[in-house]
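Here is what each chain is made of, one letter per residue.
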Amino acid sequence: MFSDRTPAPPDAILGLTEAWKNDPNPSKVNLGVGVFKDEKGRTPILQSVKDAEAHILSTATTKSYMPIAGAPEYAQHVQEMILGAGHPALVAKRARTAHTPGGTAALRVGADFLKKFAPNASVWVSSPTWANHKGVFQSAGFAVKEYPYYDPLTKGLDFARMIESLANVPAGDIVLLHACCHNPTGVDLSAQQWQEVAAVASQRGWLPFLDFAYQGYGDGLAEDRTGLLALVDACPELLVASSFSKNFGLYQDRTGALTLIAADSASATASFSHVAIAIRVNYSNPPAHGGLIVSTILGDPARRVKWEGELAAMREHIARTRTTFVQALATHGVPGDFSFIARQKGMFSFSGLSDAQVKFLRDTKSIYIVGGGRINVAGITPSNLDYLCASIREALAIR
Ligand code: LMR
């Protein structure tokens, strides 16, 4: 069984971190995996998280199993975070939430659940999309198709082709949408464009599945809900995968959620019982720690205010870094207009670097960038900025 196997390729994103760790070059730069870094290149534990953990440690009384779908109070916090407290779908009890190990598990549980009821559906993802999206849905047995999204010429959204494609997605298919901070491009829809997508979803009858991994990293917790709210208004059913890796910095605690919104409360309860089965046969029930942190923070007004301040500081740091980067590229005489980098949202910038240029930067400069040219803007620090800009200038000479 195990002899003579060809090794699998390294993961397109997490594999880069491994390669970067093993690189002896002292100037090495990791702009690969999407983790927040401060100006010293550290990924600190948020103080609100540290405080919540201290509280949990001193008050916890058991390590017994969690419910299959996680704690009810966690579900409520997640629902209020993604939809806003008092949203009509919550009042009508149309939403159910499962605590999952990260956003990836939320996507996979959602995929397993959907496969049971829509075995012949296709899943549509944006072109491009997060490197793991196709794998997650293909592993659940789905055919994955693409809708146009990004226009490399304008470095912006190709909305005309996107909406035309979505208007032709068959009823009953599943369309994966990035709720905000599109990964990998950083290019988001306007409120008006979300309204149009929502109208098409409702007319066509395809199921929206939102990947909401960066809430609070775009324009703010409430502002980043715009797309989701438009879809919930227009569509009776949808799924949302949340991640608290980035906004709470809980990367290694694998803290996420799958929220199912159904047409009415009875349908939500019945459907969600199948989500529970998808979880039980996979990882049984969620790891508690990250969920306890989120509930401890969101359930306490003072802790919440502190966390929201830390989240805003991370968002503002990345926005400032974008501007600094654009200015530094100009100062270094890097040819081209890079102002689009300052317009993009969230952690990533689709830099426009070709795969050959990405390879040059890795092989000769020890600068690690995801294939396709996605840069983690948070990985740019005052100490690597000049090296990075000078190296990009060299790379751009390659065609
Ligand atoms: C990323 O896109 O870099 C993050 O979502 C981390 C991951 O799991 O790929």
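Residues numbered from 1 in each chain as written. Predicted model: local features only at pLDDT ≥ 70, side-chain atom pairs only at ≥ 80, totals over all residues. Heavy atoms only, no water.

**Side note on the site of the ligand**
So, point 1. Every residue lining the ligand is accounted for by Ile13, Val33, Gly34, Trp130, Asn183, Tyr214, Lys246, Phe348 and Arg374.
So, point 2. One of the side-chain nitrogen or oxygen atoms of Trp130 is found 3.0 Å away from an oxygen atom of the ligand.
So, point 3. Note that an oxygen atom of the ligand is positioned 3.0 Å from one of the side-chain N or O atoms of Asn183.
So, point 4. Within the complex, 83% of the 260 Å² of free accessible area of the ligand lies under protein.
So, point 5. Counting atoms within 2 Å of the grid points, the majority share of the ligand lands in the largest pocket.
So, point 6. When residues of the shell around the ligand are assigned to domains, at least three map to each of domain 1 (14-44 + 315-393) and domain 2 (65-299). (Near = heavy atom within 4 Å. Polar contact = N/O pair within 3.5 Å; in protein donor to acceptor, adjacent residues only side chain to side chain. Areas by Shrake-Rupley, 256 points an atom, 1.4 Å probe, with all protein chains shown as cover. 1 Å grid on protein atoms, 1.4 Å probe; cavity = no way out; pocket = protein on both sides within 12 Å on 5 of 7 lines; lining within 4 Å. Sits in = over half its atoms within 2 Å of the grid points. Domains from an automatic or database assignment.)

**Regarding the pairing of strand E4 (residues 143-148)**
Working note: regular strand, side chains alternate between the two faces of the sheet.
So, point 1. Summarising the sheet, strand E3 (residues 122-127) and E4 pair through six bridges and their orientation is parallel. Looking at E4, one finds that Val125 is bridged to Glu146. (Pairing = 2+ DSSP bridges. Helix = DSSP H or I, 4+ residues; strand = E, 2+ residues; numbered from the N terminus.)

**Quick word on the pattern of salt bridges**
So, point 1. In the structure shown here, the tally under the stated rule is ten salt bridges.
So, point 2. Note that Lys359 and Asp363 form a salt bridge whose closest N and O atoms lie 2.5 Å from each other. Note that Lys359 and Asp363 are positioned in helix H14 (residues 355-365) at a spacing of four residues, about one turn of the helix.
So, point 3. Judged by relative accessible area, which is 53%, Lys359 ranks as exposed.
So, point 4. Residue class for Asp363 comes out partly exposed when judged on its relative accessible area of 47%. (Salt bridge = Lys/Arg side-chain N within 4 Å of Asp/Glu carboxyl O. Buried < 20%, exposed > 50% of the residue type's maximum accessible area, 1.4 Å probe, protein only.)

**Re the nonpolar core**
So, point 1. Among the nonpolar cores identified, the biggest contains 134 residues, and Phe137, Met162, Leu177, Phe209, Tyr217 and Phe325 are the most heavily contacted of them.
So, point 2. Considering every element that reaches this core, the biggest residue donor is helix H12 (residues 301-331), with eight residues.
So, point 3. Two domains share this core, each providing at least three of its residues, namely domain 1 (14-44 + 315-393) and domain 2 (65-299).
So, point 4. Here Leu177 is in contact with Tyr147, Met162, Trp194, Val197, Trp206, Pro208, Phe209, Leu210, Asp211 and Leu231, once residues within four sequence places are set aside. (Core = buried A, V, L, I, M, F, W, Y, C linked by side-chain atoms within 4.5 Å. Contact = heavy atoms within 4.5 Å.)

**Details of the packing of aromatic side chains**
So, point 1. What the rule picks out here adds up to ten aromatic pairs.
So, point 2. With a centroid separation of 5.6 Å and 65° between ring planes, the pair formed by Phe113 and Phe117 is classed as edge-to-face. Of this pair, Phe113 and Phe117 both sit in helix H5 (residues 102-117), four residues apart, which is roughly one turn of that helix.
So, point 3. Taking relative accessible area as the criterion, Phe113 reaches 8% and is therefore assigned buried.
So, point 4. Plain terms: the ring middles of Phe338 and Phe340 are 6.1 Å apart, the flat faces sit at 40° to each other, and that makes the pair tilted.
So, point 5. By relative accessible area, Phe338 is classed as buried at 13%.
So, point 6. A network of ring pairs unites the aromatic residues Tyr74, Phe244, Phe248 and Trp307 as a single cluster.
So, point 7. The ring of Phe142 is capped by Lys115, whose NZ or CZ atom sits 4.9 Å from the centre of that ring. (Phe/Tyr/Trp six-rings, centres within 6.5 Å; stacked < 30°, edge-to-face > 60°. Lys NZ or Arg CZ within 6 Å of the ring centre and 35° of its normal.)

**Describing the sheet that holds E3**
So, point 1. Strand order in the open sheet formed by seven strands is E2-E10-E9-E8-E7-E3-E4, with mixed pairing between adjacent strands. Unpaired on one side and paired on the other, strand E2 (95-100) and E4 mark the two borders of the sheet. Between one strand axis and the next, the sheet turns through 25° on average, direction left out of account.
So, point 2. Pairing geometry for E2 and strand E10 (residues 256-261), over six bridges, is antiparallel. Note on E10: the bridge partner recorded for Thr100 is Gly256. (Axes fitted to C-alpha atoms, helices over the stretch in contact; angles between N-to-C directions.)

**Some points on the pairing of strand E8 (residues 207-212)**
So, point 1. In terms of burial, E8 is largely enclosed, as six of its six residues are buried.
So, point 2. Both faces of E8 are covered, namely the face carrying Leu207, Phe209 and Asp211 and the face carrying Pro208, Leu210 and Phe212.
So, point 3. Where strand E7 (residues 174-178) lies against E8, five bridges are found, and the strand directions are parallel. Within E8, the residue paired with Leu176 across the bridge is Phe209.
So, point 4. Crossover E7 to E8 through helix H8 (residues 191-204) is right-handed.
So, point 5. Where E8 lies against strand E9 (residues 238-243), four bridges are found, and the strand directions are parallel. Note on E9: the bridge partner recorded for Asp211 is Ala241.
So, point 6. Handedness of the crossover is the feature at issue here: the chain leaves E8, passes through helix H9 (residues 226-234), returns alongside E9, and the resulting connection is right-handed. (Right-handed = clockwise from strand over helix to strand, strands pointing away.)

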